[in-house]
Amino acid sequence: MNSNITIKDINIDFSKYFTSKGISCDTQSKLNNTDILAVPTAYGDHEFYFAQETIDFLKYCRGKSPEHSFGVLAEDDIQIRSLHSFDIWMPVIWVASSILLPFAINMVSSYIWEKLKGRENEPSKVDVMFILKSGDTEKSIHYSGDAKTFKETFEKIDLNNM
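Residues numbered from 1 in each chain as written. Predicted model: local features only at pLDDT ≥ 70, side-chain atom pairs only at ≥ 80, totals over all residues. Heavy atoms only, no water.

1. Concerning the overall build of the protein
Selection criterion: Starting at the N terminus, helices and strands are each numbered in turn, a helix being any DSSP run of H or I of at least four residues and a strand any DSSP run of E of at least two. We take the radius of gyration over the C-alpha atoms and set the globule estimate at 2.2 Å times the residue count to the 0.38 power. Exposure categories follow from relative accessible area, calculated using a 1.4 Å probe and restricted to protein chains: below 20% of the type maximum is buried, above 50% is exposed, and the middle band is partly exposed. Here a residue-residue contact requires only that any non-hydrogen atoms of the pair lie within 4.5 Å. Areas reported as accessible are Shrake-Rupley estimates using a 1.4 Å probe. Residue values count occlusion only from the protein chains shown. When charges are tallied, Lys and Arg are placed among the positive residues and Asp and Glu among the negative ones, while His and the ends of the chain are skipped. Where a charge sits is defined by one atom per residue type, namely NZ (Lys), CZ (Arg), CG (Asp) or CD (Glu).
Of regular secondary structure, the protein possesses 6 helices and 9 strands. Compactness check: the protein gives a C-alpha radius of gyration of 15 Å against a globular reference of 15 Å for 162 residues, within 12% of the reference. Reported as C-alpha extents along the three principal axes, the dimensions of the protein are approximately 45 × 35 × 30 Å. Looking at the 162 residues of the protein, the share that counts as buried comes to 43%. Expressed as a percentage of contacts within the protein between residues at least 6 apart in sequence, the contacts between residues at least 24 apart total 75%. Carbon together with sulfur atoms contributes 46% to the accessible area of the protein, which is approximately 8,800 Å² in total. When the 17 positive and 23 negative side-chain charges of the protein are each reduced to one mean point, those points stand 3 Å apart.

2. Examining the nonpolar core
Let me state the cut-off plainly: In plain words, nonpolar cores are sets of buried Ala, Val, Leu, Ile, Met, Phe, Trp, Tyr and Cys residues tied together by side-chain atoms within 4.5 Å.
Within the largest apolar cluster, 48 residues are counted, with the highest numbers of intra-cluster contacts made by F57, V95, V126, F130 and F150. The element contributing the most residues to this core is helix 5 (residues 101-116), with 9 residues. In this structure, V95 is in contact with D35, I36, L100, L101, A104, F130, I131, L132 and K133, ignoring residues within four places of it in sequence.

3. Comments concerning the side chain of T153
Just so we agree on the cut-off: Polar contacts, as used here, are pairs of N or O atoms within 3.5 Å; protein pairs need one atom able to donate a hydrogen and one able to accept it. Residues neighboring in sequence count only if both atoms are side-chain atoms.
Along the polypeptide, T153 turns up in helix 6 (residues 150-155). Note on T153: relative accessible area 16%, which makes it buried. A polar contact of 2.7 Å, which involves the side chain of T153, links it to the backbone oxygen of T149. In contact with T153, not counting residues within four places along its chain, are S3, I5 and Y143.

What follows is the structure, given as structure tokens:
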């Protein structure tokens, strides 16, 4: 199974999401004061979904690292987009600072290995996107590929140059 990683400069605008879902200013402020934040993906004009692993991943993170803040960019209930396979569909992960990027990648890597326990011989794909806020710029780092090579793929990247 091939692995693909794409890094690019982006400009994220959540205004459609905020407007269509009636997102309060308090919830919007999570973008500035939460270390790791799951954000929705747009489907169509006004449909926004979170990946199927969103809740389990955030619970995992809170249990493993209570000193960091984790959250969901939503008011109450979230819409989950479920895909039926053993593939691991991670949430889009907003990383508040470049200092936290290695930590976020490590949390995803650890979560993947937990998910694979007992199923190590089954092929499994991971899809995850990190959005890194660094000053006034934003970068997306998208990984789509073999779950078993996730960690080693990121080890080849100089994360200090993000």
